[in-house]
Amino acid sequence: MKPIFKDIEHEQFYEGNIRMTHSQNDPYRQAFFYSLGLTPQTRQHIRDLYDYEEQAIRLEASDGGQSDDENAAGRTGGTGDERHHSETTITEVTPLSSISSEPPSSGSFFMPDKDAVPTEVRSGEDMLAYLNVGNRSSWATKQQEMSLRKHQKDVAARITYSGTALMAHEVGAGKTAAMIAAGMYLKRIGAVHKPLYCVPNHLTEQWANEFLRFSPSANVLVTTKKDFSLANRQRFVSKIAMGNYDAVIIGHSQFEKIPISRDRQEQLLQDESRNVSHMINQMKKEKGDNWSIKQMVVFENNLKSRLERLMNESKKDDLLTFEQLGVDMLFVDEAHAYKNCFTFTKMRNVAGIGKSSSQRATDMLLKCQYLQEMNQGRGVVFATGTPVSNSMSEMYVMQRFLQPHLLQKLGLNFFDNWAATFGEVVSSLEIIPEGSGYRMKSRFAKFQNLPELMSMFRLVADIQTADMLKLPVPRLEGDKASVIISNRSRYQEQMMDEFVERAEKIRNNEVDAKEDNMLKLTHEAKLMSIDPRLVHEDAPADPMSKLNLCINNVFDIWQEAQADRQTQVIFSDSGTPKPGQFNVYDEMKSQLLFRGIPEQEIAFIHDVNTDAAREALFEQVRRGEVRILLGSTQKMGTGTNIQTKLITAHHIDCPWRTF
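Residues numbered from 1 in each chain as written. Predicted model: local features only at pLDDT ≥ 70, side-chain atom pairs only at ≥ 80, totals over all residues. Heavy atoms only, no water.

The number of helices and strands found in the protein is 25 helices and 16 strands. For the protein, buried positions account for 49% of its 659 residues. Once local pairs closer than 6 in sequence are excluded, the contacts in the protein between residues at least 24 apart make up 72%. Split by element, the accessible area of the protein, about 33000 Å² in all, is 50% carbon and sulfur. (Helix = DSSP H or I, 4+ residues; strand = E, 2+ residues; numbered from the N terminus. Buried < 20%, exposed > 50% of the residue type's maximum accessible area, 1.4 Å probe, protein only. Contact = heavy atoms within 4.5 Å. Areas by Shrake-Rupley, 256 points an atom, 1.4 Å probe, with all protein chains shown as cover.)

Structure follows, in structure tokens:
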């Protein structure tokens, strides 16, 4: 295992003390001894107070002057009253093994007396925050200013200890504040120099506001759309490289435009090629498959072509590479956007395994690998409310991003080995997509060795669910969502029969995929279930369609909430506004206007194109001036804080992926 600290003596000192404090279950001392290794100043301080040859702590040490005294006091979080005597000579050493379970007083060692610190300082995260304050009297003020909940302080301390984490926290749990607190603390103690926060494009300014609210004096560089326009990209990337910032906040799509070096891309190709060769050897042993050299070369070339397409250098700019920016810590918000990472497997015709690949995920993987190599496995933090949503293989993808060294050590870095250890392929009867019959389907749908998997996963994952957090959120009426069921019309039944016939032809390869395919078919079926006019504009209007039932419900609630001017939001990923074409948004607005709702009280999220206009619209909703807001999950699913007067959220369709 690679050492955490630069000095081998310091590593031994750290390991000895941490082993001792773990056996004593004393988080106070654990936090303190870990903090000793984070800066050059504290490492030098240990050299002054610890005899490496005797493997013992000196009872008293000479600090050699007043300035060193002051530095020592600052490092221990003291005000100066606990300074070491500058004229005292070394008279005795204490073996490490003879240290008592109680922390030594500040007179004999530079650690603050446990009984002398405030009662709030009784856990690891409190100790780290206390040491960072520098003045004990300001502890309460800092606590009130930050006002972090316990789970936020816990994960901030976890990031500080391990340097990596997956913040799998429920939506609304305050992931933003926790990441800001962790990043600022690591910056202040010198553990990192330039943390970068990669966040959704439309949340960059909101993140900047939150950052300055928690750390008003922070030097933050925030990207805007203007900064990453074609004319300004080179200048802005140069600012990232040359500036000394407490934080750099950048949007997802802007982050992708910063290239990774060609050498690192070639290294990924070589690693994946080795994995392919290993996989082929396994297939030979298990099934006796006879692979010729020609087959292996063709297979490897196909892999290289696929990875090169994923890297897609044509979308990159001729800028400084990511390695040249000086970034040494990466926080990724809404990290589920990168779950479609390239995963190679010999499994075929098995559902439940994510086989899609995206360029953005491949780019993120390369950058994470670079940071982890430079920081001995540290340096990357992911945050998402949905780490696993659509397939079991997504857990492996998260571990591949954040625990590559552990997977390598356990021999689980190849997906098929991981799947054989922790998953099971189950074959069962499933209804076919068009609903007209059944078929046998093999699916990666069952976990095995779950305690071992969760023990490994929890080394990096900090999981906080709504039940665990008990967040102050309003209760749903009846404690569950209301499901409105609409019956099929005769026209929809006819369309469904046509879909069944089309599905049979597609399955039997009787039609060219360019003309018709299952993706096109399922999309049209989804539109038809909302309103047939989304597929055929000349279809009859059904008053009991899903769309019209939603319109009726919205109007009834609008009337009931008229006195308090309460608000509603409507989510629809299908039928977004299209001029001159029937769509959900315009139909809903026209029907509501016809029933008497003022036009100024209805708004589309698609009508605002700038962050300023978006925030102005949200403020109108919070005041009750706009009472009905329509939007898609992509545009309105994250960073939409309009709950001041909100009483109802309508979901016309379900998104393809969970947010």
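On we go.
Attention now moves to the packing of helix α7 (residues 150–162) against helix α8 (residues 175–188). In contact at an axis separation of 9 Å, α7 and α8 are set at 40° when each is read in the N-to-C sense. Considered as vectors, α7 and α8 are oriented oblique to each other. In this structure, α7 crosses over α8, and the sense of that crossing is right-handed. Along its contact with α7, which presents Q152, V155, A156, I159 and T160, the element α8 presents A177, A178, A181, A182, Y185 and L186. Looking at the contact of α7 with α8, its residues break down into nine nonpolar, two polar and no charged. (Axes fitted to C-alpha atoms, helices over the stretch in contact; angles between N-to-C directions. Parallel < 35°, antiparallel > 145°, perpendicular 65-115°, else oblique. Left-handed = near helix turned anticlockwise from the far one by under 90°. Nonpolar A, V, L, I, M, F, W, Y, C, P; charged D, E, K, R; others polar.)

So, on to helix α9 (residues 204–214). Three or more residues of α9 are buried, namely T204, W207, A208, F211 and F214. Along the long axis of α9, the arc covered by the buried residues comes to 135°, so they all point the same way. (Arc of directions from axis to C-beta.)

Counted under the stated rule, the structure contains twelve aromatic pairs. Note on Y197 and F211: the rings are 5.4 Å apart at their centroids and 85° apart in plane angle, and the pair reads as edge-to-face. Of this pair, Y197 sits in strand β5 (residues 195–199) while F211 sits in helix α9, and the two are 14 residues apart along the sequence. Of the residues examined, Y197 reaches a relative accessible area of 0% and is grouped as buried. The ring of F255 has K367 lying over it, and the distance from NZ or CZ to the ring centre is 4.1 Å. (Phe/Tyr/Trp six-rings, centres within 6.5 Å; stacked < 30°, edge-to-face > 60°. Lys NZ or Arg CZ within 6 Å of the ring centre and 35° of its normal.)

To continue, consider the pattern of salt bridges. Pairing of side chains with opposite charge becomes possible as their charged atoms draw close. In the structure shown here, the tally under the stated rule is 21 salt bridges. Salt-bridge contacts for D653 lead to K526; the nearest nitrogen and oxygen are separated by 3.6 Å. With D653 in the segment after β16 (646–651) and K526 in helix α21 (residues 518–530), this residue pair connects regions lying 127 residues apart in the sequence. The exposure classification of D653 matches that of K526, with both residues buried. Because the salt bridges share partners, they merge into one network encompassing E615, E619, R622, R623 and E625. (Salt bridge = Lys/Arg side-chain N within 4 Å of Asp/Glu carboxyl O.)

Helix length check: α21 (13 residues) gives 19 Å between terminal C-alpha atoms against 18 Å at 1.5 Å per residue, within 8%. For α21, the full list of buried residues reads L521, E524, K526, L527, M528 and I530. Lining the buried residues of α21 we find α20 (490–507), α22 (546–560) and α23 (584–594). Measuring from the backbone nitrogen of L519 back to the side-chain oxygen at the start of α21 gives 3.2 Å, which picks out N517 as the cap. (Expected span 1.5 Å × (residues − 1). Polar contact = N/O pair within 3.5 Å; in protein donor to acceptor, adjacent residues only side chain to side chain.)

A few words on the sheet that holds strand β8 (residues 329–333). Neighbouring strands of a sheet are bound in pairs by backbone hydrogen bonds; such pairs are parallel or else antiparallel. Judged by pairing direction, the sheet is parallel, and its seven strands sit side by side in the order β6-β7-β5-β8-β9-β4-β12 without closing on themselves. Each edge of the open sheet is held by one strand with a lone partner, namely β6 (220–222) and β12 (461–464). In this sheet, adjacent strand axes meet at a mean angle of 15° when their direction is disregarded. (Pairing = 2+ DSSP bridges.)

Quick look at the pairing of β8 now. Taking burial as the measure, the five residues of β8 include five buried ones, the bulk of the element. Side chains of β8 alternate between two faces, with M329, F331 and D333 and L330 and V332 buried alike. Bridge analysis of β5 against β8 gives four bridges, and the strand direction is parallel. Across the sheet, Y197 pairs through a bridge with F331, a residue of β8. Pairing between β8 and strand β9 (residues 380–383): four bridges, direction parallel. Across the sheet, D333 pairs through a bridge with A383, a residue of β9.

Quick look at a negative patch on the surface now. Among the surface-exposed residues, E493, D497, E498 and E501 lie close enough to one another that they form a single negatively charged patch. Counting through the fold element by element, D497 comes out in helix α20. (Patch = residues over 30% accessible without salt bridge, like charges linked within 9 Å, V, L, I, M, F, W, Y side chains within 5 Å. Lys, Arg positive; Asp, Glu negative; His and termini not counted. Charge placed at Lys NZ, Arg CZ, Asp CG, Glu CD.)

Within the largest apolar cluster, 56 residues are counted, with the highest numbers of intra-cluster contacts made by F322, L330, M364, F382, F401 and W418. Broken down by element, the residue count for this core peaks at seven residues, all from helix α14 (residues 359–374). Not counting residues within four places of it along the chain, the set of residues in contact with F322 comprises F255, I258, P259, I260, V327, K367, Y370 and L371. Residues A177, M184, I189 and V199 belong to the second largest nonpolar core, which totals 32 residues. (Core = buried A, V, L, I, M, F, W, Y, C linked by side-chain atoms within 4.5 Å.)

Another aspect to go through is the environment of R188. In this structure, R188 sits in helix α8. The exposure class of R188 is partly exposed, given its relative accessible area of 48%. For R188 and D246, which are 58 residues apart along the polypeptide, the C-alpha to C-alpha distance reads 8.7 Å.

To continue, consider the state of the cysteines. Applying the stated criterion to the full structure yields zero disulfides. Not engaged in a disulfide, the cysteine C198 finds its nearest cysteine sulfur in C368; these two sulfurs lie 9.3 Å apart. Free of any disulfide, C368 has its nearest neighbouring cysteine sulfur in C341, separated by 9.1 Å. For C368, a relative accessible area of 0% puts it in the buried group. (Disulfide = S-S within 2.5 Å.)

Let us look at the confidence of the model for the protein. A residue-level look at the protein finds 69% of positions with pLDDT of 70 or above and a mean pLDDT of 76. Across residues 1–6 the pLDDT falls below 50, and counting only partners more than four positions away or on other chains, this stretch makes 14 contacts in the model. Taken together, the stretch residues 60–145 has pLDDT below 50 and engages in 161 contacts with residues farther than four places along the chain or on a different chain. (pLDDT = per-residue confidence, 0-100.)

Turning next to the side chain of N583. Its place among the elements puts N583 in the loop between β13 (567–571) and α23. Within polar-contact distance, the side chain of N583 engages the backbone oxygen of K578 at 3.3 Å. Excluding residues that lie within four positions of it along the chain, N583 makes contacts with L534, G575, T576, P577 and K578.

Turning to unusual backbone geometry, a few remarks are in order. Phi at Q376 is positive, roughly 50°, even though this residue is not glycine. Examined against the element boundaries, Q376 turns out to sit in the loop between α14 and β9.

Mapped onto the elements of the fold, V388 is located in the loop between β9 and α15 (393–402). Every residue in contact with V388, bar those within four places of it in the chain, is listed here: K339, E394 and M395.

All right, on to the pairing of strand β4 (residues 164–169) then. Judged by how many residues are buried, β4 sits mostly within the fold: six of six residues are covered. Taken together, the four bridges between β4 and β9 define a ladder with parallel strand orientation. Considered in β9, the bridge of T164 is made with V380. Pairing of β4 with β12 involves four bridges; the strand directions are parallel. Along β12, the bridge assignment pairs H169 with Q464.

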